[in-house]
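Residues per chain, in single letters:
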Amino acid sequence: MKLLVIGGGGREHALAWKLSLSPRVHKVFVAPGNAGTALECGLENIAISSIPELIEFAKHEQIAITVVGPETSLAAGIVDAFQAAGLKIFGPLQQAAQLETSKIFAKEFMQRHHIPTAAYARFQDPVLAHEYINQKSAPLVIKADGLAAGKGVVVAQTNEQAHSAVNDILVEKNFGSAGYEIIIEEFLHGTEVSFIVMTDGRHILPLATSQDHKRLYDGDLGPNTGGMGAYSPTPFISPSLHAQIMRNIIYPVINGLKEEGIHYSGFLYAGLMITAEDQAKVLEFNCRLGDPETQPIMLRLKSDLLTLIEHAVNGTLDKVDTEWDRRAALGVVMAAHGYPENPRKNDVIQGLQNLIIDQENTDNFHIFHAGTYLGGKDEKEIITAGGRVLCVTALGENIKIAQQNAYKLIEKIHFDDYQVRHDIGYQGINYQRKK
Ligand code: AMP
Ligand code: GLY
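The notes below deal with the structure included here. Remember, it's a predicted structure, so these values are computed and weren't measured experimentally. Residue indices begin from 1 for each chain and proceed along its sequence in written order. Chain labels run from A onward and ligand labels from 1 onward, assigned in the order the entries are written. Totals for whole chains, interfaces and linings use all residues, but because this is a predicted model, local features are given only for residues with pLDDT of at least 70 and pairs of side-chain atoms are given and counted only at 80 or more. Water and hydrogen atoms were dropped before computing side-chain values, which therefore reflect all heavy atoms in the structure.

### Quick word on unusual backbone geometry
And step 1. In the segment running from alanine 138 into proline 139, the intervening peptide bond is cis, with an omega of 0 degrees.
And step 2. Numbering of helices and strands runs from the N terminus; a helix is a DSSP stretch of H or I covering at least four residues, while a strand is a stretch of E covering at least two. Assignment of secondary structure puts proline 139 in the loop between helix 8 (126–136) and strand 7 (140–144).
And step 3. The linkage connecting aspartate 291 with the following residue, proline 292, adopts the cis geometry, with an omega of 20 degrees.
And step 4. As for its position among the elements, proline 292 is in the loop between strand 17 (280–286) and helix 11 (294–300).
And step 5. Backbone geometry places serine 137, a non-glycine residue, at a positive phi of 70 degrees.
And step 6. Burial status follows relative accessibility: with a 1.4 Å probe on protein chains alone, a residue under 20% of its type maximum counts as buried, one over 50% as exposed, and anything between as partly exposed. Given the relative accessible area of 32%, serine 137 is considered partly exposed.
And step 7. Located in the positive-phi region is glutamate 379, a residue other than glycine, with phi close to 55 degrees.
And step 8. Following the sequence through the fold, glutamate 379 ends up in the loop between strand 21 (372–375) and strand 22 (381–384).
And step 9. Given the relative accessible area of 53%, glutamate 379 is considered exposed.

### A closer look at the sheet that holds strand 5 (residues 89–90)
And step 1. One open sheet accounts for 5 strands, arranged 3-2-1-4-5; its pairing is parallel. Each edge of the sheet is formed by a strand with only one pairing partner; in this case those strands are strand 3 (43–45) and strand 5.
And step 2. Two strands make a pair as long as DSSP finds a minimum of two bridges between them. Pairing between strand 1 (residues 2–7) and strand 4 (residues 65–68): 4 bridges, direction parallel. Residue pairing for strand 4: leucine 4 is matched across the bridge by threonine 66.
And step 3. Here, residues are in contact when the closest pair of their heavy atoms is within 4.5 Å. Only the contacting stretch of a helix is used when fitting its axis, a line to C-alpha atoms as for every element, and angles between N-to-C directions run 0 to 180 degrees. Packing of helix 12 (residues 305–314) onto the sheet brings it into contact with strand 1, strand 4 and strand 5, and relative to strand 4 it is tilted by some 95 degrees.

### A closer look at the packing of aromatic side chains
And step 1. Each aromatic pair joins two rings of Phe, Tyr and Trp (for Trp, the six-membered one) with centres within 6.5 Å, and gets the label stacked for planes under 30 degrees apart, edge-to-face for over 60, and tilted for any other angle. In total, this model carries 7 aromatic pairs according to the counting rule given.
And step 2. Summarising the aromatic geometry, the rings of phenylalanine 105 and phenylalanine 109 are spaced 6.3 Å apart at their centres and angled 15 degrees between planes, so their arrangement reads as stacked. Here phenylalanine 105 and its partner phenylalanine 109 are both found in helix 7 (residues 103–112), 4 residues apart, which amounts to about one turn of the helix.
And step 3. Looking at phenylalanine 105, the relative accessible area reads 16%, which means it is buried.
And step 4. With 5.1 Å between their ring centres and 55 degrees between their planes, phenylalanine 123 and tyrosine 132 make a pair best called tilted. Here the two residues phenylalanine 123 and tyrosine 132 agree in accessibility, since each one is buried.

### Here's the deal with the site of ligand 2
And step 1. If even one non-hydrogen atom of a residue comes within 4 Å of a molecule or strand, that residue is called near it. As a matter of local geometry, ligand 2 sits amid Asp212, Lys214, Gly226, Tyr269, Asn286, Arg288, Gly290, Asp291, Pro292 and Glu293.
And step 2. For this analysis, a polar contact is any N or O atom pair within 3.5 Å, provided that within protein one partner can donate a hydrogen and the other can accept it, and provided that sequence-adjacent residues contribute only side-chain to side-chain pairs. Taking aspartate 212, its side chain carries an N or O atom lying 2.8 Å from a nitrogen atom of ligand 2.
And step 3. One nitrogen or oxygen atom from the side chain of arginine 288 is found 3.0 Å from an oxygen atom belonging to ligand 2.
And step 4. If ligand 2 stood free it would expose 200 Å²; the protein chains cover 90% of that surface.
And step 5. Each residue receives one of three labels: charged for Asp, Glu, Lys and Arg, nonpolar for Ala, Val, Leu, Ile, Met, Phe, Trp, Tyr, Cys and Pro, and polar for the others, Gly being one of them. Partitioned by chemical class, the residues of the shell around ligand 2 number 2 nonpolar, 3 polar and 5 charged. Here the accessible surface of atoms and residues is derived via Shrake-Rupley with a 1.4 Å probe, and residues count as covered only by protein chains that are part of the display.

### Brief notes about the nonpolar core
And step 1. Membership of the largest hydrophobic core comes to 79 residues, with the highest contact counts inside it found for Leu4, Leu99, Ile249, Val253, Leu272 and Phe285.
And step 2. Per-element tally for this core: the top contributor is helix 10 (residues 239–259), with 8 residues.
And step 3. Ile65, Met228, Tyr339 and Leu395 belong to the second-largest nonpolar core, a separate cluster that totals 41 residues. Joining through side-chain atoms within 4.5 Å is the link that ties buried Ala, Val, Leu, Ile, Met, Phe, Trp, Tyr and Cys residues into a set, and such a set is a nonpolar core.

### Examining the site of ligand 1
And step 1. In the vicinity of ligand 1, 16 residues are found, and the nearest of them are Glu185, Glu186, Leu188, Glu192 and Glu284.
And step 2. At 2.4 Å from an oxygen atom of ligand 1 is found a side-chain nitrogen or oxygen belonging to glutamate 192.
And step 3. At 3.0 Å, a side-chain N or O of lysine 214 approaches an oxygen atom of ligand 1.
And step 4. Taking 470 Å² as the accessible area of ligand 1 by itself, protein coverage stands at 92%.
And step 5. Secondary-structure elements contributing two or more residues to the shell around ligand 1 are strand 7, strand 8 (153–156), strand 9 (182–186) and strand 17.
And step 6. For the shell around ligand 1, the per-class residue count stands at 8 nonpolar, 1 polar and 7 charged.

Structural data, given as structure tokens:
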């Protein structure tokens, strides 16, 4: 069986790698992929990006199922187009992906279905937005309505920061049409976690829990990024909180969409704030897997991912279950100099080949690539090509040991001026220590 994965980041490397381990799969194409997917056994990159060409390719190669990684492809309607061409694809339709592509759609949907989330107001007029800020006072969170590659959210600790975010988005139009309208949200205190499920539109299969680290620097300081590291499972989601999240958030979302005539099939990611009272509130929805959460989650998944996706596409997700490695997995992102504002490209990465040879047990870790390509001498060098470069992901008996294992691997990898956080997993480790 041949499969196709759309995207070229760490999430897609992890997805394609996991799919390639299925005994029924003999090839996974990745469009466009990266150096990691180019080098991985059973994977092959294809340099195609337009939807009509991808459809042509899928027909020609008789691709059994296509799996979509990034939100931009979902927003562009790739699922609608593949389905119209009679091809099997896993991901939500464009209309359903509004849960991620429009923050206003998501907020109003949550309000209609009584899904717990921060209080908010929406604005097109900057004058009214400024008045609202003066009335409510910081901390407040300002969000551009549309997709802004993770940059359209400002957590304003002061009124000045909030006013300046409004000017940035509504007056200077720095986010183009994504910033035609904004929401201003109540600031929620608590611990942030990621909760990801698969759904066929009727049945829901939760994946293992995880926690991302969005800020660039240790101790959750510095600018927001796409995510600097993640681990799974997170102790912050106890069995009773898990049940609460399914009952108050996940089921109401899927049932609410169904009631509104929107069929949702795909991965669904809820970014949640767990309050001091152990109540989960939604920060955002993503209509795809998280990056870097996918990397530790896939390293722990023991079930055959292809089987899960087949059931999801065929509407029989109630017939399968997931099996997880009981150990923790933890992934640390190695990012380029200048990330997230102005990442530098074209630095040569050293140490990756030796790493595989040196390690006694290569089943206990995986280096997932994101912004990398093969170039240089004989096209054999691995070179940086973007902000997040690698996600070094390791298993361990607990989060602390998985953390130690990941950082030991990082010591063997080098490219100039790379940035890493040194404390990925710290909240989970501290939580477990206190228990
Ligand atoms: P979003 O893209 O909506 O998830 O926002 C990006 C990041 O901003 C989140 O991961 C949170 O760290 C933070 N954030 C968003 N909304 C809120 C909120 N209402 N209260 C506190 N922090 C928030
Ligand atoms: N790790 C956060 C995201 O994928 O949006």
